[in-house]
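Summary of the model geometry
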Amino acid sequence: MSVLNYQERIPNNVDLSNDLSLQRALEHWQPKFKNWWQEMGPEGFQSSDVYLRTAISVDSAGWASYGKVKMPEYRWGIFLNDKVKDRKIHFGDNIGQPVWQQVPGDYRSILRRLIVTQGDTEPASVEQQRLLGKTCPSLFDLRNLFQVNVEEGRHLWAMVYLLHAYFGRDGREEAEGLLERYSGDQDNPRILGTFNEPITDWVSFFMFTYFTDRDGKYQLKSLAESSFDPLARTCQFMLTEEAHHMQVGETGITRMVQKSLDTMKKLNTDSIEAIRNAGAIDLQTLQKYINFWFSSSLDLFGSEISSNAATSFANGLKGRPDEARYDDNSEKDSIFKLEGIVDNKIIDQEVPTRNAMNEITRQAYVKDCEIGLKRWNRLINKAGYDITLNLPSTRFRRNIGMWANINTDPNGKIISKDDMNNNINDWLPSNGDKEFINSLMVQVTDPDKTASWIASPIRGINNLGIDYKYVDIVQ
Ligand code: BYC
């Protein structure tokens, strides 16, 4: 197991001090990153001490240490899982050949594009969430927000290392670009749609960490299979950190559902108005936020039928999540059945499996998303209410792929544009819903308290109490 070296300016386990030109290039990028963090990172908390975990090992059993840190002093570094000896390519056209330690010339631009696309999402999410600290529902949640933010910053480092180490001048330019695009910017937005959506309330934050970070899990799992070994190893370690982000989302939504149920019970009513007047969020509104963030995150998988995805698979650049679970890892002549749409009619179609890789990954993601829904519905059911939260159909509100711009209801039924417009406020957060949610977003910083709209957490971080002062706020 390799040791993470924290003695150097850039903590790492890639023996950076033995590659002086790479070290110099990254040390040149480091102050730009720190400037970006100051300007675009969490606003108003840069001097506060935050109880954060920091990676100390890439061994999953004991990889993190905890302590109070000012975020700008967080030790962002470059950590890759250890090399597996004699690792071989295990999918696509080159099965059995040794994995690559350098980028093959033929695949240079496609690999660079994958790494830049992945890298671009990391700072984007920090930018999207930068004002949330001002309305945190508790110090516990504030700390979790910052933990997610610093680790997304580290994930940016992970991709920037690959660009600098393996892509020469182009890579260095791309690394600069990652700090120049800006989430939601009119002229220079982030690459993928979801990462330009504003996240100005905590309901959206929990939905984002549940649904969009889970897309991250599936994309990282695909890249963790890559035959470009440094990419695979870097993504394997990122997945260790990513698990907490999704847990923040899952427990956050659970606590909102719980609070809604507690309020319904206390008032003995399921009237939306009464629940809202009591300062909680009704389940119908949570459903609208689920509809919004789930449908947006589905687009991040790309088109159902994609020659780009087929090429990436054939060349061994990007596999399926958990590729070893599939019997056929070549999929050279196999076919995949999926639904298509021709002249507004739904048809069954067959396509080469390789072209359906985005859809296969999306379907695995949808199954994973359903686990949370089942849990929340059990809670609702146990409390004695006949309300069910649902994932909308994967056809609903899509902007990428064959369902893009086709009007359907949340059950996936094709409808007219007028029907869509007339019902959209019942399916997605309306301006009124957003105003209501915003009215709840009031900062709570007493360690003993939690905002009205969300239940207190069940347990604290790293065996500390839920009333521990997770952030020492210095204004
Ligand atoms: N928005 O053949 P297509 C995370 C583009 S999240 C805008 O359909 P392909 C995180 C596509 O680039 C994980 N454009 O799909 C979570 C292509 O453009 P070009 C992020 C889109 O090529 C929370 C064209 O449409 N990681 O880590 O297979 C917090 C046709 O493409 C979108 C990755 O995405 C979209 N939604 O691309 C923090 C992994 N979808 O080349 C972090 C890396 C597609 O024709 N990226 N396009 O100009 C990839 O694997 C792939 O680029 C895609 C699918 C997933 C985007």
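What comes next concerns the included structure. Keep in mind the model is a prediction, meaning the values are calculated, not measured. (Residues numbered from 1 in each chain as written. Predicted model: local features only at pLDDT ≥ 70, side-chain atom pairs only at ≥ 80, totals over all residues. Heavy atoms only, no water.)

1. Some details on the sheet that holds strand 2 (residues 64–70)
- Pairing is antiparallel in the open sheet, where three strands are placed in the order 2-1-5. Each having just a single partner strand, strand 2 and strand 5 (471–472) make up the two edges of the open sheet.
- Across seven bridges, strand 1 (residues 49–55) lies against strand 2 in antiparallel orientation. Each bridged residue has a counterpart across the sheet, and for leucine 52 the counterpart in strand 2 is glycine 67.
- Across the sheet, helix 3 (residues 139–166) is in contact with strand 1, strand 2 and strand 5; its angle to strand 1 comes to roughly 45 degrees. (Pairing = 2+ DSSP bridges. Helix = DSSP H or I, 4+ residues; strand = E, 2+ residues; numbered from the N terminus. Contact = heavy atoms within 4.5 Å. Axes fitted to C-alpha atoms, helices over the stretch in contact; angles between N-to-C directions.)

2. Section: the packing of helix 1 (residues 20–40) against helix 2 (residues 108–128)
- Closest axis-to-axis distance for the helix 1/helix 2 pair is 10 Å, and the angle between their directions is 30 degrees. Looking at the two axes, helix 1 sits roughly parallel to helix 2. Taken together, the residues of helix 2 that come into contact with helix 1 (itself represented by Trp36, Trp37 and Met40) are Pro123, Val126 and Glu127.
- A breakdown of the residues in the contact of helix 1 with helix 2 according to their chemical character gives five nonpolar, no polar and one charged. (Parallel < 35°, antiparallel > 145°, perpendicular 65-115°, else oblique. Nonpolar A, V, L, I, M, F, W, Y, C, P; charged D, E, K, R; others polar.)

3. Some remarks on the pattern of salt bridges
- Tallied over the entire structure, the rule returns 36 salt bridges.
- Between aspartate 49 and lysine 70 there is a salt bridge, with the nearest N and O atoms lying 3.0 Å from each other. Of the two residues, aspartate 49 sits in strand 1 while lysine 70 sits in strand 2, which places them 21 residues apart along the sequence.
- The class for lysine 70 is partly exposed, based on a relative accessible area of 28%.
- Among the salt bridges present, the one from arginine 87 reaches aspartate 229, with a minimum N-O distance of 2.6 Å. One end of the pair, arginine 87, is in the loop between strand 2 and helix 2; the other, aspartate 229, is in helix 6 (residues 229–267), with 142 residues separating them in the sequence. Across the pair, aspartate 229 and arginine 87 agree in class, each one buried.
- In the salt-bridge network here, residues are joined through shared partners; they are Asp299, Glu304, Glu359, Arg362 and Arg398. (Salt bridge = Lys/Arg side-chain N within 4 Å of Asp/Glu carboxyl O. Buried < 20%, exposed > 50% of the residue type's maximum accessible area, 1.4 Å probe, protein only.)

These figures come from the coordinates and say nothing about function on their own.
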